[in-house]
Structures are given as structure tokens and as C-alpha cells.
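# Architecture at a glance
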Amino acid sequence: MIMVANLEAKSKMSPWQLAILVAAVGIGTEIISGGRALAESAGEHEWLAFLLGGILYCGVALLMVKLSEYYPDQDFLEYIPQLWGKVLGSLIIALLVLLFIGYFALALGNFSRVITIFMFDRTPPEVIGIAMAIACVYCALQDFGTILRIIQFIFIITVPLFFLVFSTGALSVQFDNVLPLWPQHIGKVLTSIPNTWGAYAGYEIILLLFPLVYRRNTNPSIAVASAFGCMGFIYVFFGFLTIGVLSAENAKTLAYPAMEVVRFVELPGTFLERLEIYLLGAWIPNVFTSLALYLYAPAYVLRRLCGHVDHRPWVLLIIPWLIFVSTFFTDMNLVVQTMAKGIKIVGLSFSFIIIPMSLALAWLQKRRNQ
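Below is a short write-up of the structure. All figures in this text were calculated on a predicted structure; none of them were measured in a lab. In every chain, residue numbers begin from 1 and rise along the written sequence. Local features in this predicted model are restricted to residues of pLDDT 70 or higher, and side-chain atom pairs are both shown and tallied only at a pLDDT of 80 or more, whereas totals for entire chains, interfaces and linings draw on every residue. Here the side-chain values reflect all heavy atoms present in the structure, with hydrogen atoms and water set aside.

## What about the overall build of the chain?
Definition in use: Here a strand is any run of E in DSSP of at least two residues, a helix any run of H or I of at least four, and the numbering for each starts at the N terminus. Taken over C-alpha atoms, the radius of gyration is set against a globule rule of 2.2 Å times the number of residues to the power 0.38. Residue exposure (1.4 Å probe, protein chains only): buried if accessible area is under 20% of the type maximum, exposed if over 50%, otherwise partly exposed. Contacts are residue-level and defined by heavy atoms, with any inter-residue pair within 4.5 Å sufficient. Per-residue and other accessible areas were derived by the Shrake-Rupley procedure at a 1.4 Å probe size, with only the shown protein chains allowed to occlude residues.
Counting its regular elements, the chain contains 17 helices and zero strands. A compact globule built from 370 residues should have a C-alpha radius of gyration of about 21 Å, and the chain, at 21 Å, falls within 12% of that. Each principal axis of the C-alpha distribution contributes one length, and for the chain these read about 65 × 50 × 50 Å. In the chain, buried positions account for 52% of the 370 residues. Partitioning the intrachain contacts of the chain with sequence separation of at least 6 by distance along the chain shows that 83% fall at a separation of at least 24. Taken as a whole, the chain presents about 17,200 Å² of accessible surface, with 65% of it coming from carbon and sulfur.

And the structure:
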């Protein structure tokens, strides 16, 4: 019997593989570099803000799934101009490209600063950023099936390891820091929910990859909701542990609260020292997969818009600009914060204005066609 490789199948994926992609980009840089802003706005109820934020953004992701299901054989680039017209549709697509480019630039900038501070303090962050960018380029130059399997493998191996190392912080928890568990004034927690956006961002990849999903046995909505359940559990645990160990007052003054949580851990009589190094060891591969997907997404969009069959030239064309932006802004905290706020406004507008309105337009269009 002659075995023939099914090359077409390599460009397809199951709903659960889509769920892993969504969770993988969500648990990227934010779990190390975030936390301070939320500790300042939500205080000891950081865990609750993560929980409510996860439910809210899960709802947006399910709207994206519903919108994609209206056009099962088309992706976002095809049906958006049908809904909004050529000019507005092109602007919305450009906004999506800007969003992924912004994610990449911010994530690479944050990554290089964290590694410089905690691992290689004599190495300029620009060098670390360029080295990681080259590794991401190599991954993004592969076909989608290869990228998918790399992300799957790294996610399954490193996320449980990261969770295990970070959970050692439970040894230092002081429960007085997280009391009262339920806030007296819920308004403060509700206004802090936008600050959790960075933790769950990246789910926009659903719009591009949904046509590649097999829809046979598992409902994609269930798989995507499960991805948010996984992320929500990890971030709620992260928020509870961060405040429990450091207290809200201390956490909001620290640049990287997660690293300080692990630094507090002492394991007498063991050969394990400096647990933060193991934490970074499990975190770095997740940043790599997030960055690779953030790089692949705009290259995929530009390839489609220009009618090319290969996305690789676009990867090589945009990466020098992304490295320049990421490394140029590395030491300029004020510019980084301004850029992060700008990307956040774009992302929230995309999720809470464009997607609901697109879904309403798709529903009206379907109703007219019946």
C-alpha cells in the first residue's frame, strides 16, 4: 500500500486546535509584564477583575465566531468589504493589521526589557529583541500547519510548567491581603476591567483562521469558550496569588509583580534556587509562539490583499520595521505607555464597536437574502 501525505489536511485544524491558538496568544507576555496597572485600579480584587474581564472578552470572541459562521467559506478579508463597502472595509482591515503589528512591537519590547533585567543585565535589550525576532521570523516563514504544531507542542509542555513554578508562591500567601473577598463597591472593579484587555488580547486571530477549522463534531463556540476558561483560571489564580503574597499596595509599585511573587519563595533543603529563572524558562517559549503568530497574521493579510500565494516575502518585508519600532521604544517608558494606550483603544474599539456592528449588518444581509 502506498502512503500519500494529505497536504491539504495540514492547512486545516480542529476547533480544539483553534482553542489552543487563542489561549497561546493570550498567555503571552502579559502574565509577566502586566499586573501593576490592575493592582492600582482594582486593588485587592484584582482576581475579580480578571474573572469579569475574561467573561466579557469571551463574549466578544463568541461574537467573532458567530460572525464567521455567517460566512463559513470566507474569511474576514472577503466578507468585511461586502458588509461595510470597499472604503470602510479596507479601513477596518487596515485596523486589524495595525492591531497585530502593535501587539508584536509591544510584546517584543516588553520581552527584551524583562530578559535584560532578570537574566542578562549586561546585554542591551536591543540585542535580545533582535535575537528573538530572528527566531520568530524562522517560525513565521513556515507553512501554517508547521506553525500550528509548534504552538501546540510548546503550549502543552510549557504552560503547565509555568503554572507549577508560579504556584509555589502559594507558600508565601497572607490571606489578610486579599480580604474582603467581595468588594463593598463593585464600581471600582468594573471600571478596572478595561485594564485586563491585554491579558486576553489576540483572540482576533479567530477572524482570520476560522475558515480553516473543521466543523464536524465539536462546536467552535464551545472550544473558544474553553480557551477563555483556561486563560481565566490562570489569570484569576495569578491575581489572587500576586495580591496574596505582595498586597495591593506593594504590587502597584512593582514593575513585574509576578517575578517578585516567585522571588519570595524559599525552599530550604532543596537544590532549587532562584525559581524566577525556571519561571522565565517556561515563559520565553510562550512569548515566542505569541510573537510568531502576531508576525504571521499581518503577513497573511497582506499576502491575501495583494493576491500573492506566499506569505514569506511579507514576513521579511515587515520584520525590519517591527524590530526598529520595538527596540527604538525599549528605553522610552513614556512612549511605550502612550503606544500601549493607543493599541488598547484600537483593540477595544475593534472588539466592542466594529464586531457587534458587523454582526448586525451580517444578520440584516442574511435576512434580506431569505
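## Things to note about the environment of Thr191
Applied cut-off: Polar contacts here mean pairs of N or O atoms no more than 3.5 Å apart (in protein, one a potential hydrogen donor and the other a potential acceptor; neighbouring residues in sequence count only if both atoms are side-chain atoms).
Structurally, Thr191 is set in helix 9 (residues 186–192). Overall, the relative accessible area of 62% leaves Thr191 in the exposed class. Separated by 10 residues in sequence, Thr191 and Ala201 have C-alpha atoms that sit 18 Å apart. Engagement of the side chain of Thr191 in a polar contact is seen with the backbone oxygen of Lys188, the distance being 2.9 Å.

## Points about the packing of aromatic side chains
So the rule is basically this: Each pair of aromatic rings taken from Phe, Tyr and Trp, with Trp reduced to its six-membered ring, is defined by centres within 6.5 Å and is described as stacked if the planes are under 30 degrees apart, edge-to-face if over 60, and tilted in the remaining cases.
The full count for this structure, using the stated rule, is 24 aromatic pairs. A ring pair is formed by Tyr103 and Trp197, whose centres lie 5.7 Å apart and whose planes are at 40 degrees; its orientation type is tilted. A residue pair is termed long-range when its members are at least 10 positions apart, and Tyr103 in helix 6 (residues 86–118) and Trp197 in helix 10 (residues 197–200) qualify at 94 residues. Exposure class is identical for Tyr103 and Trp197. Each is buried. Residues Phe162 and Phe166 carry aromatic rings whose centres are separated by 6.2 Å and whose planes lie at 10 degrees to one another, so their mutual orientation is stacked. Placement of both Phe162 and Phe166 in helix 8 (residues 144–167) is noted, with a separation of four residues, approximately one turn of the helix.

## Some points on the pattern of salt bridges
So the rule is basically this: For this document, the term salt bridge refers to a Lys or Arg side-chain nitrogen within 4 Å of an Asp or Glu carboxyl oxygen.
By the definition in use, this model includes four salt bridges. Between Asp75 and Arg304 there is a salt bridge, with the nearest N and O atoms lying 2.2 Å from each other. Here the residue Asp75 occupies a position in the loop between helix 4 (46–70) and helix 5 (76–84), and Arg304 occupies one in helix 15 (residues 275–306), the gap between them amounting to 229 residues. Here Arg304 falls in the partly exposed class, since its relative accessible area comes to 27%. Two residues, Arg312 and Asp310, come together in a salt bridge whose shortest N-O distance is 2.8 Å. Sharing partners across several salt bridges, the network here consists of Asp75, Glu78 and Arg304.

## Quick look at the environment of Asn195
Assignment of secondary structure puts Asn195 in the loop between helix 9 and helix 10. On a C-alpha basis, the gap between Asn195 and Trp16 in space is 28 Å, while along the polypeptide they are 179 residues apart. Among residues more than four places away in sequence, those in contact with Asn195 are Ala37, Leu38, Ser41 and Lys344. Of the polar contacts made by the side chain of Asn195, one reaches the side chain of Ser41; its length is 3.0 Å. Among the polar contacts made by the side chain of Asn195, one reaches the side chain of Lys344 at a distance of 2.8 Å.

## Comments concerning a nonpolar patch on the surface
Short version of the rule: Candidate patch residues must exceed 30% relative accessible area and have no salt bridge, after which like charges are joined if within 9 Å and Val, Leu, Ile, Met, Phe, Trp or Tyr side chains if within 5 Å.
On the surface, Leu56, Phe352, Ile353 and Met357 cluster together to form a nonpolar patch covering roughly 350 Å² of accessible area. When residues of the nonpolar patch are assigned to their parent elements, the largest contribution, three residues, is made by helix 17 (residues 333–369). Inspection of the secondary structure puts Leu56 in helix 4. Exposure remark for Leu56: the relative accessible area of 37% places this residue in the partly exposed category.

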